[in-house]
Amino acid sequence: MTVVTYVPLGYPTLADSLNLITELDGMGVDVIEIGVPFSDPTADGETIQRAAKISLDNGVVPSDALKVPALKARKYLMTYGNIILKFGNLDRLVDSGYEGVIIPDVPIEHKLETPQLDQVMIVSPNSVEGRIRELSAKSEGFLYITSHLGTTGGKAELDQRLRDVLQIAEDENPHIPKYVGFGITDPQRAADILSMGADGVVIGSAMIRAIDEGGISAGADFIKGFLDHLK
Amino acid sequence: MLIGKKLSTYPDENGMYGEFGGRYAPESLRPALIELEEAFMSRTPKFLRELTRLNQDYGGRPTPLYHAKRLSDHVGGAQIYLKREDLLHGGAHKINNVLGQALLAKELGKKRIIAETGAGQHGVATAMVGALFGFETQIYMGTKDIERQKPNVNRMELLGAEVIPVDKGSSSLKDAVNEALRDWVGSVETTHYMIGSVVGPHPFPLIVREFQSVIGQEIKEQSHRVFGKLPDLVVACVGGGSNAAGTFYPLIDNCVDLIGVEAGGNSQGHGATISKGSPGIFHGAYSYVLQDNDGQIQEAHSISAGLDYPGVGPEHSFWRSVDRVRYEAVTDDEAVRAFYTLSRMEGIIPAIESSHAISKAVEIAAVMHPKQNIVVTLSGRGDKDLLRELEDNS
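This one's a predicted model, so the numbers in the text were calculated from it and none came from an experiment. (Residues numbered from 1 in each chain as written. Chains lettered and ligands numbered in written order. Predicted model: local features only at pLDDT ≥ 70, side-chain atom pairs only at ≥ 80, totals over all residues. Heavy atoms only, no water.)

Caption draft 1: Looking closely at the overall build of chain B. A count of helical and extended segments in chain B gives 16 helices and 15 strands. Its C-alpha atoms give chain B a radius of gyration of 19 Å, within 12% of the compact-globule value 21 Å for 394 residues. Taken along its principal axes, the extent of the C-alpha atoms in chain B is 55 × 55 × 50 Å. By residue count, 65% of the 394 residues in chain B fall in the buried class. Across chain B, every contact between residues at least 6 apart in sequence was considered, and the portion connecting residues at least 24 apart equals 74%. Looking at chain B as shown, the accessible area adds up to about 13900 Å², and 50% of this sits on carbon and sulfur atoms. (Helix = DSSP H or I, 4+ residues; strand = E, 2+ residues; numbered from the N terminus. Rg over C-alpha atoms; globule rule 2.2 N^0.38 Å. Buried < 20%, exposed > 50% of the residue type's maximum accessible area, 1.4 Å probe, protein only. Contact = heavy atoms within 4.5 Å. Areas by Shrake-Rupley, 256 points an atom, 1.4 Å probe, with all protein chains shown as cover.)

Caption draft 2: The overall build of chain A, seen in detail. Check the secondary structure of chain A and you find eight helices and eight strands. Against the 2.2 N^0.38 benchmark of 17 Å for 231 residues, chain A shows a C-alpha radius of gyration of 16 Å, consistent with a compact globule. By its C-alpha atoms, chain A is 45 × 40 × 30 Å across when sized along the principal axes. Counting every position in chain A, which comprises 231 residues, the buried fraction comes to 60%. Within chain A, residue pairs in contact and separated by at least 24 positions form 65% of the contacts whose partners lie at least 6 positions apart. In the structure as shown, chain A presents an accessible area of about 8400 Å², 49% of it carried by carbon and sulfur atoms. Within chain A, one finds 20 positive and 33 negative side-chain charges whose respective centroids are separated by 1 Å. (Lys, Arg positive; Asp, Glu negative; His and termini not counted. Charge placed at Lys NZ, Arg CZ, Asp CG, Glu CD.)

Caption draft 3: Looking closely at the layout of surface pockets. Roughly 470 Å³ of internal volume is contained in the largest pocket. Taken together, 24 residues form the lining of the largest pocket, with Ser-39 and Lys-53 of chain A together with Lys-168, Gly-169 and Asp-175 of chain B sitting closest to its centre. Those elements giving two or more residues to the lining of the largest pocket turn out to be α2 (46-57) of chain A together with α8 (173-187) of chain B. Its residues placed into classes, the lining of the largest pocket shows five nonpolar, six polar and 13 charged. Size it by volume and the second largest pocket reaches roughly 310 Å³. Along the walls of the second largest pocket sit 16 residues, with Leu-51, Thr-52, Asn-55, Val-214 and Gln-217 of chain B positioned nearest its centre. Those elements that provide at least two residues to the lining of the second largest pocket are α2 (45-59), α9 (204-212) and α10 (214-227) of chain B. For the lining of the second largest pocket, the leading source of residues is α2 of chain B, giving five residues. (1 Å grid on protein atoms, 1.4 Å probe; cavity = no way out; pocket = protein on both sides within 12 Å on 5 of 7 lines; lining within 4 Å. Points joined across faces, edges and corners; volume = space filled by probe spheres on them. Nonpolar A, V, L, I, M, F, W, Y, C, P; charged D, E, K, R; others polar.)

Caption draft 4: Seen up close, the interface of chain A and chain B. Contact with chain A, which involves 35 residues of that partner, is made by 35 residues of chain B. Taking both sides of the interface into account, the surface hidden between chain A and chain B amounts to around 2700 Å²; carbon and sulfur atoms contribute 51%. Applying the counting criterion to the chain A and chain B interface returns five salt bridges. Of the charged contacts, one joins Arg-131 of chain A and Glu-27 of chain B as a salt bridge, the two residues approaching to 2.5 Å between their closest N and O atoms. Elements supplying a minimum of two residues to the side of chain A that touches chain B: α2, α3 (81-86), β5 (118-123) and α5 (129-138) of chain A. (Buried area = accessible area lost by both parts, 1.4 Å probe. Salt bridge = Lys/Arg side-chain N within 4 Å of Asp/Glu carboxyl O.)

Caption draft 5: Just α5 of chain A, in detail. Looking at α5 of chain A, one finds that the buried residues are Arg-131, Ile-132, Leu-135 and Ser-136 of chain A. When α5 of chain A is viewed along its axis, its buried side chains cluster within an angular range of 130 degrees and face the same direction. The secondary structure elements touched by the buried residues of α5 of chain A are β5, β6 (143-146) and α6 (162-172) of chain A together with α1 (30-41) of chain B. (Arc of directions from axis to C-beta.)

Caption draft 6: Structural context of unusual backbone geometry. Going from Arg-61 of chain B to Pro-62 of chain B, the amide bond is cis rather than trans, its omega being -5 degrees. With respect to the element layout, Pro-62 of chain B can be found in the loop between α2 and β3 (65-67). A cis amide bond, omega 15 degrees, links His-202 of chain B with the succeeding residue Pro-203 of chain B. As for its position among the elements, Pro-203 of chain B is in the loop between β8 (191-193) and α9. At Phe-182 of chain A, a position not held by glycine, the phi torsion is positive, near 80 degrees. Structurally, the position occupied by Phe-182 of chain A is in the loop between β7 (178-181) and α7 (187-195). Exposure remark for Phe-182 of chain A: the relative accessible area of 11% places this residue in the buried category. The phi torsion at Asp-323 of chain B lies on the positive side, around 60 degrees, for a residue other than glycine. Among the secondary structure elements, Asp-323 of chain B is positioned in the loop between α13 (314-321) and β14 (326-331).

Rendered as structure tokens:
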């Protein structure tokens, strides 16, 4: 089973976020999503919105993603479509060790040209069966399944359709890893989701709240709690 | 690729207007967007009759095509006609769209509606149909706009809507749209997002254009009746672009010059998205947008809250790309001058948004022949702008 961590680049500072990434990599986090801030993050809840704003106020730019060092963990870039459109030569991401991109506002119909980079597709609990199958078949790298409708973070109960989504995705494409994100607040919820058939969980907003309280070391400790409990 | 294909046949089945448009939205919105598209495409004769009845008896359609003779004589060029959307219930063209969307929301069984508003005109229109149809209604509005459009906030609340202040980003229309989208991503199964302009993911630009096209259809009929032919030039202001899309679309395949007027702002900034922006992905569509080199969206600036938006409807981007519509910018100062000119010459107080279109029409009329005809869409009335204008000058 896989622990995925979303790290907002440039939060609380660029140096802190780079240190945190290195620390998480050393702890054995399997996949790290580097979040590049966008001015208008409509798919994000309060926590990641605030982190993105601080990051932008810190002067972080998309090309800072190239400063993330080589990692043992698989490295993905998560941002919005317009940032990717303006990024310029995407080979630079490949050269920096990125395996792919996750773009919440770009559905598969509008798949961007990202040669040599996986484009991870996102499935929602309200996706119809045909759509779940299509995205399971076509997603690259892994399949990202949101645990509830709504934006990142959030305290909503698990959507009961999640179990069905996981089963349909598994039936359609057993080879693609299925990671569940949004509102993964504690190791017990993560364990519940894994028991439904997910291959991994994505932790983002909850770790950022831990950083708010106690800095990046608190963020790393928070993730260690998941690793200890789940691995 | 465009040869032989009429511009009126767009968008295609993916919501594309040439290279613009699309459905750039989070996956959780997809079922609602498809459901909405299906409801829209299968409008029944009963639906259309009901909409026509509401447009007439509730909205106040058709609106007059008024010959602004004193203004035309003053300018000394082409004859200027005003399409009087300012006379509609609520004081702006926004009612055309919300009546149609309210009927769709009712058919979809939605009990709650949300909307964004800038100048407050769309918020008021949404609050009106919220009351009329018995929807629970919440309106997102930037705190900067709440301050500069206070009378409209009071009207929305009187009509039973809740106004939710948005103090993120520029605290104006763009940020109100962001919050409405975030709400809808989570509430989509019970809530209809009554978007106020020809923006957002497909099918919104199509739906809003269709419901606003009653403006251009009436201009066509009335022009023949009033001056015996189609106008030589039609002018409308463009923020998101709904009154302009509704004005232009029925004329798009005809031989009529079309000009969309954007907010040129002042030395501190502007809202001239097409004139001065570049294509990007924003609020659900690929269209022109104000952005920096990294793709971060920039804040717009305009004296007019309704034009203070860094995006624009994708069909406008398309019409520009095929050189069918000209887009030009008018500054804050020029718009204010037109605001006064129309008030003094014709006894009509235009919305500061519409004043941008008046300004451009007057400028061009001066170099046209008195036998030529210009139609300007007067998209709203200016009472809402009066308080601030008087304050600024006291």
